[in-house]
Amino acid sequence: MEVNSASSIYYNPQDKFQPAKKELDKDAFLQILVAQLRYQNPMSPMDQDQFMTQMTQITALEQIMNLNKNMEVLLRTQELSLTANLVGKQVTAVGEDGRDVEGTVEKLIINENGIKLVINGTPYDYGTVKEIRS
């Protein structure tokens, strides 16, 4: 462990770097609320209306996050349904080089990167399909 004598900040090389969150989640709001309650002036406690307003906002945030998660699942299910209907059909897709690729959709590949259509042995994104033929 190294100690910077000018500012008394220490650095431990074994510490893992964790990137900062770009968005606040419900846990962050709850931590802020708990900190407010912990450090409030006992002679002038937090107004109950303000406390209830913050709790309501946290609940609304949680519900919006749940709705967003459900919408993502719905979108992925719809995309899977649309792409599954393309198996066995003739399509034209745009390749990485910008050229059109024609062929039959042989199968689908589903992984963490999304859904890929396999045309002539090569995977393509659903968004690259520009024509579908029976």
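Small disclaimer: the values here were computed from a predicted structure and weren't measured. (Residues numbered from 1 in each chain as written. Predicted model: local features only at pLDDT ≥ 70, side-chain atom pairs only at ≥ 80, totals over all residues. Heavy atoms only, no water.)

Caption draft 1: Expanded view of the nonpolar core. One finds L86, V91, A93, V101, V105, L117, I119, Y124 and V129 forming the largest nonpolar core, which totals nine residues. Mapped onto this core, the elements with two or more residues apiece are β3 (90-94), β4 (100-111) and β5 (114-119). Contact partners of V91, with chain neighbours within four places excluded, come to V101, E102, G103, V105, I119, V129, E131, I132 and R133. (Core = buried A, V, L, I, M, F, W, Y, C linked by side-chain atoms within 4.5 Å. Buried < 20%, exposed > 50% of the residue type's maximum accessible area, 1.4 Å probe, protein only. Helix = DSSP H or I, 4+ residues; strand = E, 2+ residues; numbered from the N terminus. Contact = heavy atoms within 4.5 Å.)

Caption draft 2: Seen up close, the side chain of T83. Residue placement: T83 occurs in helix α2 (residues 48-84). A distance of 2.9 Å separates a polar atom in the side chain of T83 from the backbone oxygen of E79. Those residues in contact with T83 that sit more than four places away from it in its chain are L108, I115, L117 and Y126. (Polar contact = N/O pair within 3.5 Å; in protein donor to acceptor, adjacent residues only side chain to side chain.)

Caption draft 3: Up close: unusual backbone geometry. Positive phi outside glycine occurs at N120, with the angle close to 55°. Relative to the elements of secondary structure, N120 occurs in the loop between β5 and β6 (122-125). For N120, a relative accessible area of 47% corresponds to the partly exposed category.

Caption draft 4: The arrangement of the side chain of T92 in detail. Tracing the backbone shows T92 in strand β3. Accessibility expressed as a relative area gives 4% for T92, which makes it buried. In this structure, T92 is in contact with D100, V101, E102, T128, V129, K130, E131 and R133, ignoring residues within four places of it in sequence.

Caption draft 5: Spatial organisation of the environment of A93. Along the chain, A93 turns up in strand β3. Spatially, the C-alpha atom of A93 lies 4.1 Å from that of V129, the residues being 36 residues apart in sequence. Look past the residues within four positions of A93 in its chain and what remains in contact with it is R99, D100, V101, I119, Y124, T128, V129 and K130.

Caption draft 6: Geometry of the pairing of β3. Direction of pairing for β3 relative to β4: antiparallel, over a ladder of five bridges. In the sheet register, A93 faces β4, and the bridge partner there is V101. Once β3 ends, the chain turns through five residues before running back antiparallel as β4, passing G98 with a positive phi of about 90°. (Pairing = 2+ DSSP bridges.)

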